Each structure stands twice: as C-alpha cells, then as structure tokens.
Amino acid sequence: MRLFGSLSRTLLSSPIPSASTATATASWVCRRCISSTIPRRSPIIAQSASRTKTRRRGIILAAVGTGIVGASAVGWMDGKHYLHAAERAARVAQALTLCIRDYRTTLKLLENDPEDRDGLLSKCHSRCAQRTYVVLEKNGSVFIKLGQHLAAMGYLLPLEWTTTFIPLQDRCPVSSMESIRKMILDDTGNIVEEIFETFDPVPIGAGMGPKQQQYWITVADGYQPPTNRVAVKLQHPALAEWIPLDMALTKFTFTNIKHFFPEYPLTWLSDEMEASLPQELNFEHEAHNIRRVREHFSKVSEDLPLVVPKEVIWAKPRILVMEFIPGKRLDDLEYLDSNKICRDEVSASLARIFNEMIFGKDAPLHCDPHGGNLAIRVNHNRSKRLNFDIILYDHGLYRDIPQDLRRSYAKLWLAVIDTDIPKMKKYAKEVAGVTEEQFPLFASAITGRDYTALTKGVATARNEDEKKIISEAMVEGLLAQLIQLLADVPSVILLILKTNDLTRSLDENLQTGRGPERSFLIMARYCSRVVYEETLESINAHGGLLKIGNFLDWMRAVWHYWRVGAKLKVFESALFWRGLFGMDQKLITR
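All values reported here derive from a predicted model rather than from experimental measurement.

1. Considerations on the environment of Thr164
Argument step 1. Position of Thr164 among the secondary structure elements: in helix α8 (residues 159-165).
Argument step 2. Given a relative accessible area of 17%, Thr164 falls into the buried group.
Argument step 3. Through-space distance from the C-alpha of Thr164 to that of His125 is 10.0 Å; in sequence the pair is 39 residues apart.
Argument step 4. Contact partners of Thr164, with chain neighbours within four places excluded, come to Ala129, Gln130 and Tyr133.

2. So, the pattern of salt bridges
Argument step 1. Taken as a whole and assessed by the stated rule, the structure comprises 25 salt bridges.
Argument step 2. Of the charged contacts in the structure, one is a salt bridge between Arg382 and Asp303, with a shortest N-O distance of 3.3 Å. Separated by 79 residues along the polypeptide, Arg382 in the loop between β8 (374-378) and β9 (388-392) and Asp303 in the loop between α13 (283-298) and β4 (306-307) bring together distant segments of the chain.
Argument step 3. A salt bridge links Lys498 to Asp368, with the nearest nitrogen and oxygen atoms 3.5 Å apart. Pair noted here: Lys498 is in helix α22 (residues 491-509) and Asp368 is in the loop between β7 (364-366) and β8, with a separation of 130 residues, a long-range link. Just as Lys498 is buried, Asp368 falls in that class too.

3. Observations concerning helix α11 (residues 239-260)
Argument step 1. Across its 22 residues, α11 extends 31 Å between first and last C-alpha, which sits within 8% of the 32 Å expected from 1.5 Å per residue.
Argument step 2. Its maximal kink placed at Leu245, α11 deviates by approximately 30°.

4. Details of helix α23 (residues 517-541)
An α-helix turns once every 3.6 residues. As a result, residues three or four positions apart point the same way.
Argument step 1. A rise of 1.5 Å per residue sets the reference length of α23, with its 25 residues, at 36 Å; its end C-alpha atoms lie 36 Å apart and thus fit the reference within 8%.
Argument step 2. Immediately downstream of α23, the backbone of Gly543 shows phi near 100°, a positive value.

5. So, the packing of helix α7 (residues 142-151) against helix α12 (residues 267-280)
Argument step 1. The N-to-C vectors of α7 and α12 enclose an angle of 120°; their axes lie 11 Å apart at closest approach. Crossing angle aside, the handedness with which α7 passes α12 is right-handed. Packed against α7, whose contacting residues are Val142, Lys145, Leu146, His149 and Leu150, the element α12 presents Leu269, Met273, Leu277 and Glu280 at the interface.
Argument step 2. Grouping the amino acids of the contact of α7 with α12 by side-chain chemistry returns six nonpolar, one polar and two charged.

6. Looking at the nonpolar core
Argument step 1. The biggest cluster of nonpolar side chains holds 124 residues, and the ones touching the most others in it are Trp268, Met357, Phe359, Leu412, Met424, Phe442 and Ile493.
Argument step 2. What Leu412 contacts, discounting residues up to four positions off in sequence, is Met424, Tyr427, Ala428, Val431, Phe442 and Ile446.
Argument step 3. Membership of the second largest hydrophobic core comes to twelve residues, among which are Ile180, Val192, Phe196 and Ile319.

7. Observations concerning a nonpolar patch on the surface
Argument step 1. Together, Leu545, Ile548, Phe551, Leu552 and Met555 make up a nonpolar patch on the protein surface, roughly 460 Å² of accessible area in all.
Argument step 2. Tracing the backbone shows Leu545 in the loop between α23 and α24 (548-580).
Argument step 3. Accessibility expressed as a relative area gives 40% for Leu545, which makes it partly exposed.

8. Comments concerning the sheet that holds β9
Argument step 1. Taken together, three strands build an open sheet; the order of strands is β4-β9-β8 and the sheet is mixed. Here the strands that pair on one side only, and so sit at the sheet edges, are β4 and β8.
Argument step 2. By the bridge criterion, five bridges tie β8 to β9 in an arrangement that is antiparallel. Bridge assignment links Arg377 to a residue of β9, and that residue is Asp389.
Argument step 3. Set on the sheet, helix α15 (residues 343-359) makes contact with β4, β8 and β9; between it and β9 the angle comes to about 40°.

Criteria and cut-off values
Residues numbered from 1 in each chain as written. Predicted model: local features only at pLDDT ≥ 70, side-chain atom pairs only at ≥ 80, totals over all residues. Heavy atoms only, no water. Helix = DSSP H or I, 4+ residues; strand = E, 2+ residues; numbered from the N terminus. Buried < 20%, exposed > 50% of the residue type's maximum accessible area, 1.4 Å probe, protein only. Contact = heavy atoms within 4.5 Å. Salt bridge = Lys/Arg side-chain N within 4 Å of Asp/Glu carboxyl O. Expected span 1.5 Å × (residues − 1). Bend = angle between axes of the 7 residues up to and from the residue. Axes fitted to C-alpha atoms, helices over the stretch in contact; angles between N-to-C directions. Left-handed = near helix turned anticlockwise from the far one by under 90°. Nonpolar A, V, L, I, M, F, W, Y, C, P; charged D, E, K, R; others polar. Core = buried A, V, L, I, M, F, W, Y, C linked by side-chain atoms within 4.5 Å. Patch = residues over 30% accessible without salt bridge, like charges linked within 9 Å, V, L, I, M, F, W, Y side chains within 5 Å. Areas by Shrake-Rupley, 256 points an atom, 1.4 Å probe, with all protein chains shown as cover. Pairing = 2+ DSSP bridges.

So, in structure tokens, the structure goes:
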C-alpha cells in the first residue's frame, strides 16, 4: 500500500507508544524484533472449537436479527422484504465471521514466523478482500459505496484490499428499465416519453456510485444544447428502501471488528458514511455543488483546464438533468499518447486543480476524485501545451475547510517541503491534535512517504529501497496505531487524506516517469499564497503598511511567495525548452 512508509525501521526507533500500552518501544531493526513487541492474542485465539463455533453462530444470528429489526423499523411488513433483509444480513455475517477467523488463524501462525517468508498475511488479505467484494456486489446499495470508500483508503488498507475493490468504481449494478420508468413517473408526474424524445436504456456507466446511473437522452421540451444531448443521473430506485438496514449492518460490521480486534477501531468509517450519505443521495444538493464549483473556478485567474457541466437543466432529489460531457479515463494512456496530450501537463493540471480546492479561499473541496469520477478529452482550442480538458463528474460529496484549518494545513505543507521538523510538529498539532509521539506516523500518512524521506526532502523520487521498506511495513502494532490515530483526527482531515491519496493515485497512473518535484513546487505556491493572504489580512487589521513592523512582515511574505513562484517558473521553463529542442521527448508524447 502507498502510505505505510511511516512503518519503516527508522520510524520504529522513535518513541511511539503501542496501541495497548503507554510504554515507549525500543529500537528495533528487523521484523522478528518488531513482532516481539506486538501484544499476543494466544489466550483469545486458543479458544475451544465449541466456543469458536458458538461465537460464530452468535455473530450470524445477531446480524440476521439486525436485518429483521431493521426491516421492521422502516415499516416493512411483507414477508418478501423480511426474507431479503435476512439474506443481506446473513451474507454480511458469514463474510465477517470467515474474515475474523481467517485473520486470527493467520496472525497465530505468524507468531512462529514473524518474517512471513511464505507471504501468509498477503494471501489472507486477498482471501478476505475477495469474500468482502462478493458480499458488497451482491448486496449493492450502500455496500457499493462502502467498497468505493475502501478502495480509496490506500493510506490505511493493504494493497490487496484497495485493488480488489477498484472495479466497484466503474462497474455497479444496473436497475431495470421498468423501475427507472416508475421512479421518473413518481418523482415528476410524467412518463419518460412526455419528458424526453428518446431515452437510451443502456447506461453510459452505472459505476459513478451506487446511487446513480447515467443515460444519453434528447430533450423534448425545446432545450437545444450544442450536441442536442444531455446526461441524466438517476438514483437506483430501490436504494432508499435499503439504506436504513444497510447502514445498520455497516455499523454492526465495524462494531464487531472493534470487538474482536480492539486495536482496530474502524467505527469512524461508518460514522463518516452516515454523515456523507444524506448529501450524496440528494441530487438537488449536487446541483448546488455544480453551480458553486463553476462559480469558484470562474474567478480563478489561472487558466485551468477544468470542465464541469455548464448548466443544470433541472434537478430533483433522485433525478439530475445536465449537460452531457463525454470523455476518456485519465489512465487511458493510449488515448493520451495518440492525441499528443502531454502526461506531465495533465499531472501538473491535476495538482493545480486540487490544490486550488484545498488551499483556495472559500473553495469547495471535491472529496471523491477516484478514476471513475474524472475524465479527459482533447481540446484543440487550447494551447498546444494544454490541449485537453479535465472533466470532473459526480459532485455529491464536497466539504468546506475552515479558514484556520486551511491556513495551518498550508503552513504544515510548507514545513514539510522545507524539511522543517519543528514547524511540522507544531502545525500537525494545530491541524489534527497530533502529539509528539504520533507525529512520524501522521507525517507519513499525509505525504505518502517513508518518514526518513521527510528528513531528506519529500520532493525527491521514491527509490527502490524506500518502496521495499513500504512493502515490508505491514507490522500489526503500528497499523493499529495508525488506525487509532485516524479515529482521533477531525473528519475533514480524513477527507483531505482521502483526496490526497486519490489524486496521488491518479498521478501515478499517468506514468510520467518524473519525480514529484514539480507537484510539490505547485503545492508550495498555493500554500505560500495562503500565508501571504493571511499576512495581508493581519496587516490590515493592525494599522496597515505604515507601521514598520507590518511593512517588514509584508516584505517577508512577498519574498517567500515570489521565491516559490519563481522557482516553479524556472523549473517549468526548463521542461519546456528541453522538450522544444528534443532533449526530452517524453515531455511531448508522454
């Protein structure tokens, strides 16, 4: 996984308390030594076979009971719904029981082989991830959304889990045309033919989330967009009736994980889903987000190749009609290369777009930028260097970052880029309440790098040694600390981490072959702008530039902002001239 650089051998020498004890760890240099610090579970694992079976049956019965009670709570009285609720609950319980048993057995075996020479843990990850995937796909509804959340958690979950769930971002269940027609009639009072001249029953993609499908249609009420086509997003008609039960089952699952593995408190994930779903499932709210993000970027002076629908034609809670904008996946490298779209410029544009969302004043932050929610298309009306548009789909999940948090986060990243450890610790505490002991873990979580890289300069490319350390870093004790840390930070920080990791994944999929230096310079420019704006605000509130102290503060802020901008300009100019003179051919074709 990408963000476990924090679990390096160097980090292990820092005094991070164990998840179950406040005693500082010693300096360890190998996995065998590390494993010796992990609390043993043998008293729990060595239960009798009868007690294990009893507990397994208890989980299944509790889940089925949850399903039946959930069905009653939402007013279902017919036998069919009770049966379906029990089936859904039983699937969850069975998979949960098998995964708990699988992990407990594997961890027991690893006590005798802490170096895991046979890759037992990785195989266990794969088995459990596949079991879970089958349940998520069969149950659909909120479980698809859960799978998408898990696929985006590269900062936390093993690679075997995140890669297994990636198909849920693009391939989701498709509702029947009969149920779609009924929902349109119920919500609008009109049949499909009274609203649309044509309605293609084959969706463009049902993978934009569990909550929607998209269709090509032609409008019958006189609306004439340039292509005479618009896109319609439709919520799965059966989604609403299953949400209360599915959220109860989700909470039940994470509560049981916490019970059997108390060092892994993942209940915050179900809490975040409960907070996010009402927004994501209301397409009128999404229409508002589309207008808001368009308005914000229309005021941005920099020419960014971002495209969102120009017009929302009309919206209802379960139906959204808007401009149709086709495009290709960002990781369709054949399409990029055949249209002479420079991968480096796509990478830089992604950095600018999402840094503007994170650090721009009053900017809305898109919190779900996975591969299925972005697309790219060639645009010959732009300059040769930026001959493309980046299309942003699915505007259901946005967050506002409070101004104080935004400023502290900007200062944290400037400290990271400058390798200023004392300031990093200071602003990590301001941003997420991170303690001195938690700091190395948190620093690696936000950067996606091994902690040793932060002390040398995060803008350097990851070498093979660092990748090897990361791949060997699945050490249970520190994983538990990371999960506990994430359970304690503000929810908006979790979403920022998610956005950072998803955009980092998008960038890696472009395979530019370059290091991250340009991306970090772009980020530094946005961060220094935040500091400059804060300095101006403070100066204006304390007497203006006529005071000598204020004037000096302003000069320092201007100098820092100008220095970062100039460094980025020189770097990008060098790339341009190298490409122009053929010194770097991949700048042109890649």
